[in-house]
Amino acid sequence: MKPNDPGITWLEEKPLGLAERLYLPLFVQGLTTTSRHLVSKKNTVNFPEERPAIGNPLIYRGVHRLNRDEEGRVKCVACFLCATACPAHCIDIVATESPWEDREKYPESFQIDELRCIFCGMCEEACPVDAIELTSLLDLTGKSREEMIFDKEKLLSVYDMTKDAEPMKSAELGGTL
Amino acid sequence: MNGLLPSPETLAALVKIGLLVGGLMTAAAYLVLVERWIAAWVQDRRGPNRVGVPLTKIRLFGLGQPLADGLKIILKEDFTPSHVDKVLYNAAPLVLLAASLAIFAAIPFGSVLPPLGIEGLPDPVPFLVAPGLDVGVLWVFALSSIAVYGVLLGGWASNNKYGFLGGLRSSAQLVAYEIPLGLGLLGVVLAAGSLKLDVIMNHQAETGLWFAFAQPLGFVVFLIASFAEAARLPFDLPEAEQELVGGYHTEYAGIKLLLFLVSEFLHMVTAAFLIVIMFLGGWHLWGVTGSSQEVTWLGAGLRFGILSAKIFAVILFFMVVRWSWPRFRFDQLMNLAWKVMLPLGLLNLVVVATIEEFRPRLEATLGPGLTSGIAIGLPWLIFFGGWAAAGLLTPSGTDNRPIRRPGPFDSEHDIESTADAADQQHPELVEA
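Source: prediction; values computed, not measured.

Attention now goes to the overall build of chain B. Tallying secondary structure elements over chain B gives 14 helices and 0 strands in all. In chain B, the succession of α and β elements from N to C terminus is α-α-α-α-α-α-α-α-α-α-α-α-α-α. Long-range pairs, those at least 24 residues apart, make up 74% of the contacts in chain B between residues at least 6 apart in sequence.

Right under this line is the structure:
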């Protein structure tokens, strides 16, 4: 691009005013700003003791959980829609014939690699039975890569842990069922 | 004469050196913590607040942090790159630290102790390592110039472009700012009539008029120049993390880096000491400390506390300033030093010299009241006048983009010349 290209807008620096040349008003301005922030409320929290405010926990995208139905069975019907929707390919489902009357299939194993997950929430959007959901748990840690691959039991236990604080999606909460 | 035992005077000096060096090192360690706190608070963060008493869960607002920081940096590998000049590389931090510590031999850190009644000790014992040093201020300035060698050596010996640029910038900046620093100081020396820092403090205590109020212009010039001497923002071009990756200490690690960083904080402490001692009255506070040389233990402690509090306040100011203004560009830095600070410093010196010269004659003709009125009023008048003149005479643009003058082949590209506009803006640059 040439310097005289019509697409370029050359900005001219504004000449300094009297206040800027005397420097004192700017001096006071800078010092006032920093002094105000010195005593203002802090934006960070003392993390493990204090939890950050995360807004509405029902729409937060943290660790996954697998919901249970009224009888305590896993709600998932192994339709693979979440695994198909997942852009990070972190969901691995092995489906088998369901032992129950009300559905054809259920997941024999259901694994999510939390290290590959990008927490986009597509799986939650794709699920036709609201079985997979993202909770508001945000401090996800582990000591090995293997530990961070969550299996069905672990995902169900996340549900047990969070079901009281974050109720399962229902019609009035914007769910599909 | 007992040849083995040192004299009480030597012992007293050793005790003072021990207290001073220990105190300064601890202070430097804790100032790092304070700096981190201020940095965090200004940025709406909380800062280090975890480390407390080692091996317990007591947190103490993070007061154990200096210990953790020091331990970490000492335990780091003392790595020497293969391309450095080994001798100078190792000598640089030592030169810097030795010079920064030796400065304090001439800097008083309190008033005087009450008479101790020990034979061989002068009464009263002053809070000063070398009380008889007649060239006090000169000593301070000579050694702070030697400290520049540490920075230069470090930059040169590193054999690294960032280190070299940092060293170069440092030399140019410190040479430029030592002049206004000296001019600000000369006014004080003239008015107090001594180079000894304790005498300068006592003079302010006796008259009750701090030199910051008697010579505002000198104070401002000295304050700004000491920011530059300590290489603190907005004058931290020798280090400039963002552009020079740390400048002269880029190639240093481990304990040598620690020595550099400690010396840097000592520079700031020295600057704060000088500002407080020469312009802010030292240990004096109206109606609290008194001004005589005879003190009780309580009085001596009080004076020490007031001096320390003032120094801490100045250091806090240094730290808050760091986050208040962006760094100067190098040409702006030089303009400020040579075109603004130097004339203002000279102006202050002339005014102070004139007042001191004519003071006796004025007192004889006008009486003491009117004379001190003039002696205070005139500097303030000159202060406002000089500041306004400096502001109004500054060029109204800060644009330093190169002026485009089209060359013989530029007609092909149809580049517009900016030379005419530039000539109008800076007529002094047009060649005859």
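Turning to the overall build of chain A, a few remarks are in order. Each helix and strand in chain A was counted, giving 5 helices and 5 strands. Each helix (α) and strand (β) of chain A, taken in turn from the N terminus, gives the series α-α-β-α-β-β-α-β-β-α. Compactness check: chain A gives a C-alpha radius of gyration of 26 Å against a globular reference of 16 Å for 177 residues, more than 25% above the reference. Of all 177 residues assigned to chain A, the portion counted as buried reaches 16%. For chain A, the share of sequence-separated contacts (at least 6 apart) that also reach a separation of at least 24 residues comes to 71%.

Bringing the domain arrangement of chain B into the picture now. Reports of interface size often rely on the accessible area that becomes lost once the parts have come together. All names here are of chain B. On domain assignment, one finds that chain B holds domain 1 (28–73) and domain 2 (76–116 + 124–339). Averaged C-alpha coordinates put domain 1 and domain 2 at centres separated by 24 Å. Domain 1 puts 10 residues into the contact, and the matching count from domain 2 is 11 residues. Contributing elements (two or more residues each) for the side of domain 1 that touches domain 2: α1 (8–42) and α2 (65–75). Among the elements that line the side of domain 1 that touches domain 2, the one with the most residues is α1, at 8 residues. Across the side of domain 1 that touches domain 2, the residue classes tally to 8 nonpolar, no polar and 2 charged.

Bringing the nonpolar core into the picture now. By size, the foremost hydrophobic cluster in this structure holds 102 residues, and its most contacted members are Ala272(B) and Ile275(B). The dominant element in this core, judged by the number of residues it contributes, is helix α10 (residues 254–279) of chain B, at 16 residues. Looking at which domains feed residues into this core, each of domain 1 (28–73) and domain 2 (76–116 + 124–339) of chain B gives three or more. With residues up to four places along the chain from it excluded, the contact list for Ala272(B) reads Ile311(B), Val314(B), Ile315(B) and Phe318(B). One finds Ile112(A), Ile132(A), Leu156(A) and Val158(A) within the second-largest nonpolar core, a separate group that totals 18 residues.

Regions with low pLDDT carry predicted coordinates that are not meant to be interpreted in detail. All names here are of chain B. Scored by pLDDT, chain B comes out at a mean of 82, with 89% of its residues at no less than 70. Of all secondary-structure elements in chain B, the lowest mean pLDDT belongs to helix α14 (residues 419–425), at 61, while helix α8 (residues 216–229) reaches the highest, 90. Scored as a complex, the prediction yields pTM 0.80 and ipTM 0.71.

Another point: the sheet that holds strand β2 (residues 91–97) of chain A. Residues and elements named next belong to chain A. With antiparallel pairing, 3 strands are arranged side by side in an open sheet as β2-β3-β5. Sheet topology places β2 and β5 (149–150) at the edges, where each strand pairs with a single neighbour. Seen against the sheet, helix α5 (residues 152–162) touches β3 (105–113) and β5 and runs at an angle of roughly 85 degrees to β3.

Moving on to helix α6 (residues 197–207) of chain B. Residues and elements named next belong to chain B. Most of α6 is tucked away: 8 of the 11 residues are buried. Within the sequence span of α6, burial applies to Leu197, Asp198, Ile200, Met201, Asn202, His203, Gln204 and Ala205. Of the surrounding elements, those touching the buried residues of α6 are α4 (136–157), α5 (161–192), α7 (211–214) and α10. Among the residues trailing α6, Gly208 stands out with phi positive, at a value near 75 degrees.

Turning to the interface of chain B and chain A, a few remarks are in order. Contacts between chain B and chain A engage 22 residues on the former and 21 residues on the latter. Secondary-structure elements contributing two or more residues to the side of chain B that touches chain A are α1 and α13 (368–393) of chain B. Per-element tally for the side of chain B that touches chain A: the top contributor is α13(B), with 4 residues. Classifying every residue of the side of chain B that touches chain A gives 9 nonpolar, 7 polar and 6 charged.

Moving on, we get to the packing of α1(B) against helix α11 (residues 297–322) of chain B. All names here are of chain B. Relative to each other, α1 and α11 sit at 45 degrees, their axes nearing to 10 Å. Taken together, the axis directions place α1 and α11 in an arrangement best described as oblique. For α1 against α11, the interelement crossing comes out right-handed. Here Leu31, Val34, Glu35 and Ile38 of α1 lie close against α11, whose contacting residues are Ile315, Met319 and Val320.

Turning to the pairing of β3(A), a few remarks are in order. Residues and elements named next belong to chain A. Pairing of β2 with β3 involves 7 bridges; the strand directions are antiparallel. Paired with Val94 across the strands is Ser109, a residue of β3. Bridging between β3 and β5 involves 2 bridges; their strand directions are antiparallel. Bridging from a neighbouring strand, Asp113 pairs with Ile149 of β5.

Before going further, it helps to spend a moment on the packing of α5(B) against α8(B). Residue and element names in this part refer to chain B. Across the interface, α5 lies against α8 with an axial gap of 8 Å and an inter-helix angle of 150 degrees. For the element pair α5 / α8, the angle class is roughly antiparallel. Relative to α8, the crossing made by α5 is left-handed. From α5, Gln173, Leu174, Tyr177, Pro180, Leu181, Leu183, Gly184, Leu185, Gly187 and Val188 reach across to α8, where they touch Gly218, Val221, Phe222, Ala225, Ser226, Ala228 and Glu229.

Maximal helix bending in helix α12 (residues 330–366) of chain B amounts to about 50 degrees, located at Arg359(B); proline Pro360(B) follows within four positions. Taken from the residues just after α12(B), Gly367(B) is the one with a positive phi, measuring 90 degrees.

Positive phi, normally seen in glycine, also occurs at Asp130(A), with a value near 55 degrees. Residue position: Asp130(A) is located in the loop between α4 (122–126) and β4 (132–134). Given 19 C-beta atoms within 10 Å, Asp130(A) falls into the partly exposed group. A positive phi angle is found at Asn159(B), which is not glycine, with a value near 55 degrees. Tracing the backbone shows Asn159(B) in the loop between α4 and α5.

As a further point, take the environment of Asn202(B). All names here are of chain B. Position of Asn202 relative to the elements: it lies in helix α6. The class for Asn202 is buried, based on 22 C-beta atoms found within 10 Å. Between the C-alpha atom of Asn202 and that of Ala192, which follows or precedes it by 10 residues, the distance is 9.1 Å.

Turning next to the confidence of the model for chain A. Looking at chain A, the pLDDT average stands at 85 and 95% of residues meet or exceed 70. Helix α1 (residues 18–22) of chain A is the least confidently modelled element of chain A, averaging 79 in pLDDT, while helix α3 (residues 81–85) of chain A averages 93, the highest of any element.

Time to look at the environment of Val220(B). Position of Val220(B) relative to the elements: it lies in helix α8. Considered as a pair, Val220(B) and Glu77(B) are 143 residues apart in the sequence and their alpha carbons are 43 Å apart.

Rules behind the numbers
- Residues numbered from 1 in each chain as written.
- Chains lettered and ligands numbered in written order.
- Predicted model: local features only at pLDDT ≥ 70, side-chain atom pairs only at ≥ 80, totals over all residues.
- Helix = DSSP H or I, 4+ residues; strand = E, 2+ residues; numbered from the N terminus.
- Contact = placed C-beta atoms within 7 Å.
- Rg over C-alpha atoms; globule rule 2.2 N^0.38 Å.
- Buried ≥ 20, exposed ≤ 12 C-beta atoms within 10 Å, placed from the backbone.
- Domains from an automatic or database assignment.
- Nonpolar A, V, L, I, M, F, W, Y, C, P; charged D, E, K, R; others polar.
- Core = buried A, V, L, I, M, F, W, Y, C linked by C-beta atoms within 7 Å.
- pLDDT = per-residue confidence, 0-100.
- Pairing = 2+ DSSP bridges.
- Axes fitted to C-alpha atoms, helices over the stretch in contact; angles between N-to-C directions.
- Parallel < 35°, antiparallel > 145°, perpendicular 65-115°, else oblique.
- Left-handed = near helix turned anticlockwise from the far one by under 90°.
- Bend = angle between axes of the 7 residues up to and from the residue.

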